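Secondary and tertiary structure notes
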Amino acid sequence: EERGKKYEDWELRREIVEYNPDLIILDEAHFVKNHKSIRGKILKNIATKFSPERIWLLTGTPIANRPMDYYNLLSIIGSSVSNNWVHYARRYCEGIRFKKGGKYVWVTTGSSNLEELSSKTRKTILRRKKEEVLDLPDKLVTPVYLELQNTDGYKNVWEEYLSKRKLEGKKGNPMRELVEMTLLRTFIAMETVPYTIEKTEEALELGKKTIIFCNFNNEMDSFIRHFGDKCVCLRGGMTDKQKQLAVDRFQEDENCMVFIGQIKAAGVGITLNAAEIVIMNSLDWVPGNHEQAEDRAYRIGQNKTVNIYYMLIDDTIDTLIWNILTEKKKIIDTIIGDNDIITEFINKTEK
């Protein structure tokens, strides 16, 4: 049962559970990070029937956002760190339990004791960076700081947001409720569009195919209007066939120079190595989503340097989100670590 859909008995793939393989390899394992999701529960249930060494998880982003994303993956492979969820939540996620509406609720969005978590999980991870195993050119990531043109408009949207909060009787620090700031994020995304168009046109003059990643339909529509027949678009709601047609045209048609992708819909599972330039016109909250999106161009077959540009309008919600993303990335790097046990062994034997 996925996303509330009810399956008939004849649709269930019982043979997958009943089959007794010698080894289970789970690709894109980050999709089972939520231990409460149906997908996560099913995989955990299947995993309990096998010894941990018979289960291998493959993913480029084992932690998309925070330490709790890591828990179910560790649990599936039987890591001792995952033996006690409450201990894990308190020790590594600054877990807090409080009573709400007669029920106990946990908040596990924090991070703590990360070096310890890294140390306790290092024997379960074999980390391989692309540059270590593939003969790929460089990937250069550059934040581009821009000036806000419509300062009055931004101020009005911010004041409108604060008024709305007041009407709804919300208290506390509005800066902590960044998820609600869609109005501000959309406004800034549209303000960034002209800058991104200018940067893309510069790339096109040099004959370099370009990917533009967006979060919102309005910004995508602006790019489609500007680039017309020179571009294709991939966003949520499209069929697999439509998505594949967009990918194929960008990869194969020399007249199709711009790929406009919604970061979540176009950020995984596709290869766009015809591109040399990747531009993030607006930011997602999850560092893992950006890394996945960047690597649509930075894949096997890429023989040119890939330049990634993050377009940031200075002193706005853009730079605020960028700083949050940078902090989250530090947390992830601390947990995953560059020095897994295999790398350490190789380094010692080489000395």
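Residues numbered from 1 in each chain as written. Predicted model: local features only at pLDDT ≥ 70, side-chain atom pairs only at ≥ 80, totals over all residues. Heavy atoms only, no water.

To continue, consider unusual backbone geometry. Its identity as a non-glycine residue notwithstanding, glutamate 94 has a phi of 50°, on the positive side. Tracing the backbone through its elements, the reader meets glutamate 94 in the loop between helix H4 (85–92) and strand S3 (96–100). Owing to a relative accessible area of 46%, glutamate 94 belongs among the partly exposed residues under this scheme. Notably, asparagine 113 is not glycine yet its phi reads approximately 50°, a positive angle. By secondary structure assignment, the location of asparagine 113 is in the loop between strand S4 (103–107) and helix H5 (114–121). Among the residues examined, asparagine 113 registers a relative accessible area of 33% and is labelled partly exposed. (Helix = DSSP H or I, 4+ residues; strand = E, 2+ residues; numbered from the N terminus. Buried < 20%, exposed > 50% of the residue type's maximum accessible area, 1.4 Å probe, protein only.)

Let us now look at the packing of helix H8 (residues 182–205) against helix H9 (residues 217–227). Close contact between H8 and H9 brings their axes to 10 Å; oriented N to C, the two are set at 35°. Judged by the sense of rotation from one axis to the other, the crossing of H8 with H9 is right-handed. Contacts from Ala189, Met190, Val193, Thr196, Ile197, Thr200, Glu201 and Leu204 of H8 reach H9 at Asn218, Glu219, Ser222, Phe223, His226 and Phe227. (Axes fitted to C-alpha atoms, helices over the stretch in contact; angles between N-to-C directions. Left-handed = near helix turned anticlockwise from the far one by under 90°. Contact = heavy atoms within 4.5 Å.)

Another point: the sheet that holds strand S7 (residues 231–234). Spatial strand order, S5-S10-S9-S6-S8-S7: six strands in an open sheet with parallel pairing. Two strands bound the open sheet, and with one partner strand each, they are strand S5 (139–146) and S7. Geometrically, the sheet is characterised by an average inter-axis angle of 20° between neighbouring strands, direction not taken into account. Of the pairings in the sheet, the one linking S7 to strand S8 (residues 258–262) comprises four bridges and is parallel in character. Opposite cysteine 233, over in S8, you have isoleucine 260 as the bridge partner. In the packing of helix H10 (residues 240–252) onto the sheet, contacts are made with strand S6 (210–214), S7 and S8, and the angle to S7 comes to roughly 145°. Contacting S5, S6, strand S9 (277–280) and strand S10 (306–313), helix H11 (residues 287–294) crosses the sheet at an angle of about 155° to S9. (Pairing = 2+ DSSP bridges.)

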